[in-house]
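Chain by chain, the residues:
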Amino acid sequence: MSNILVIGGGFAGVWAAAGAIRARQEAGAAEDAVTVTLIGAADDLAIRPRLYEDDPQGKRVALDRVLGPIGVRRIPGIVTGIDTEARTVSAVGRDGSALELSYDRLILASGSRVLTPPVEGADHLFDVDTLPAAAALESHVSRLGTVTGGDERFTAVVIGAGFTGLEVVTELPTRLRAVAGDRPVRVVLVERADTVGPALGPGPRPEILAALEHAGVELALNVSLQSVDRERAVLSDGTVIPTRTVVWTAGMRASALTELIPGTRDAIGRLEVDEHLRVVGVDGVYAAGDTAAAVAEGGHVVMQSCQHAVPQGKLAGANVGADVLGLPLVPFAPNPYVTCLSLGPYGAVLTTGWDRTVAQTGDEAKKLKHTINSEWIYPPIDDAGAILTLADHRTTWPTETVQSVSA
Ligand SMILES: Cc1cc2nc3c(=O)[nH]c(=O)nc-3n(C[C@H](O)[C@H](O)[C@H](O)COP(=O)(O)OP(=O)(O)OC[C@H]3O[C@@H](n4cnc5c(N)ncnc54)[C@H](O)[C@@H]3O)c2cc1C
């Protein structure tokens, strides 16, 4: 019997577990020949790409409704140690008990976290990285109309004009107006580069700038956040912005568990993996999703995105299953890269390729983003057949559908 252990119940971990069960099924192996266990801190799959939207608390799927029907054992717990020599993982269980789990093959899918910036007063910052953090921001904004204070209550500052910052900053004016009534609303986007979306390239920039203007967002470029407290944000050029709401979105880093694996890591902490998603130089360990610096499409290192976490999860699961059953492994080959960036009431922008050529804009792209967010990124629930059908690594949803939409 071989025991596969997956760490992390995010997009990569869920699909890795399902991919491994599918591999066992495809090989015609007995159920007890390969067992799959997933340990994760949360009981739900957090739909992280939706956390800039309203009602972040509702953006989740119970893991038991996906893993239960396909026979994956789930252990709620926080992993604290990984011993790749002894092939054991230590963890703290939900009841506080110490757990020691052994494995034949490990898939590390513990994701990523937004960086906590080294600025004075950082504990006053909001973010939309996790369900609780996004819920805390929503609840804070909803109370702004009833707390005492002046119009500065309806000023928000978003730090970072990357993918997440842009999605958040184009939503905030509507949310603030809903609580401000007739009082003035101000939203400022702070970016240390000299332009918005510096990593998104020039292609989508005209759409992004038009959306920011449409939303009435002020730009503060070439500056960073210096300090923050309950009543103000201070920028590196000395500008003081009276505000109760500063949202940090800049910088992601792979889960700290990557540091417990004796492999090579990139600048954001992701482990180097080979074409089969095995951690280079570490026997029996695979990585998938935001923990893995996988290479795709002729040398591009994947993005920390669902679009890459899902196919990596499926493939890591398939390969780990093949590995323990003595079958050939398959190289990672996701569908062509696309991005769909929400731009608030203005619409959205769909780009294709690593140079981000604009393929759709406005309402058309917004409809696509809505379909991606409300349908395509959700795993099926309560239906083993549907879950295992979608766990096939050859079905590299959703990009193939997006490609055909944009063709
Ligand atoms: C606001 C926002 C918008 C985004 N928009 C998009 C988008 O439009 N398109 C896109 O493709 N991507 C988007 N992303 C990125 C995408 O959400 C991530 O790339 C994706 O969630 C990565 O999946 P993952 O499974 O690797 O990691 P995660 O989703 O981070 O899951 C990791 C899991 O591991 C668990 N875990 C971590 N540490 C431990 C531990 N020590 N013990 C036990 N469990 C642990 C966590 O609780 C979590 O459940 C967005 C992200 C955010 C925050």
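Refer to the structure above for everything that follows.
Read on for a plain summary of the structure. (Residues numbered from 1 in each chain as written. Predicted model: local features only at pLDDT ≥ 70, side-chain atom pairs only at ≥ 80, totals over all residues. Heavy atoms only, no water.)

### Concerning the sheet that holds strand β11 (residues 186-191)
As summarised here, the arrangement of the four strands in space is β12-β11-β10-β16, forming an open sheet in which the pairing is parallel. Each end of this open sheet is capped by a strand with a single partner; those strands are β12 (217-221) and β16 (245-248). Shown here is a sheet whose adjacent strand axes are inclined to one another by a mean of 20 degrees, direction ignored. In this structure, β11 lies alongside β12, joined through five bridges in parallel fashion. If you follow V187 over to β12, its bridge partner there is V217. Contacts between helix α5 (residues 172-180) and the sheet are confined to β10 (155-159), β11, β12 and β16, with β11 contributing the most and set at about 150 degrees to the helix. (Pairing = 2+ DSSP bridges. Helix = DSSP H or I, 4+ residues; strand = E, 2+ residues; numbered from the N terminus. Axes fitted to C-alpha atoms, helices over the stretch in contact; angles between N-to-C directions. Contact = heavy atoms within 4.5 Å.)

### Some points on the sheet that holds strand β14 (residues 232-235)
In spatial order, the strands read β13-β14-β15; together these three strands make up an open sheet with antiparallel pairing. Every other strand in the sheet has two partners, leaving β13 (225-228) and β15 (240-242) as the edge strands with one partner each. Across the sheet, the axes of successive neighbouring strands diverge by a mean angle of 20 degrees, strand direction being ignored. Where β13 and β14 come together, three bridges link them in antiparallel fashion.

### A short note on unusual backbone geometry
Trans is the prevailing form of peptide bonds, just as negative phi is the prevailing case for residues other than glycine. Unusually for a residue other than glycine, N222 sits at a positive phi of about 60 degrees. Residue placement: N222 occurs in the loop between β12 and β13. Assessed through its relative accessible area of 54%, N222 is described here as exposed. The residue D382 is not glycine, and still its phi comes out positive at about 60 degrees. What makes D382 partly exposed here is its relative accessible area of 45%. (Buried < 20%, exposed > 50% of the residue type's maximum accessible area, 1.4 Å probe, protein only.)

### What to know about the packing of helix α3 (residues 131-143) against α5
At their nearest, the axes of α3 and α5 sit 8 Å apart, and the two run at 35 degrees to each other. Mapping the contact onto sequence places E138, V141 and S142 in α3 and R175, L176 and V179 in α5. Class assignment of the residues belonging to the contact of α3 with α5 gives a composition of three nonpolar, one polar and two charged. (Nonpolar A, V, L, I, M, F, W, Y, C, P; charged D, E, K, R; others polar.)

### Describing the site of the ligand
Around the ligand sit 30 residues in total, of which A12, R48, V79, D290 and C306 are the nearest. In the model, an oxygen atom of the ligand is placed 3.0 Å from a nitrogen or oxygen of the F11 main chain. The contact in question runs from an oxygen atom of the ligand to an N or O atom on the backbone of Q304, over 3.4 Å. Relative to its free-state accessible area of 990 Å², the ligand is covered by the protein chains to the extent of 88%. Counting only elements with at least two residues in the shell around the ligand, the list comes to α1 (11-27), β5 (73-83), β9 (112-114), α4 (163-169) and α7 (306-325). The class makeup of the residues in the shell around the ligand is twelve nonpolar, 13 polar and five charged. Here the shell around the ligand spans two domains, since at least three of its residues come from each of domain 1 (2-113 + 252-336) and domain 2 (116-248). (Near = heavy atom within 4 Å. Polar contact = N/O pair within 3.5 Å; in protein donor to acceptor, adjacent residues only side chain to side chain. Areas by Shrake-Rupley, 256 points an atom, 1.4 Å probe, with all protein chains shown as cover. Domains from an automatic or database assignment.)

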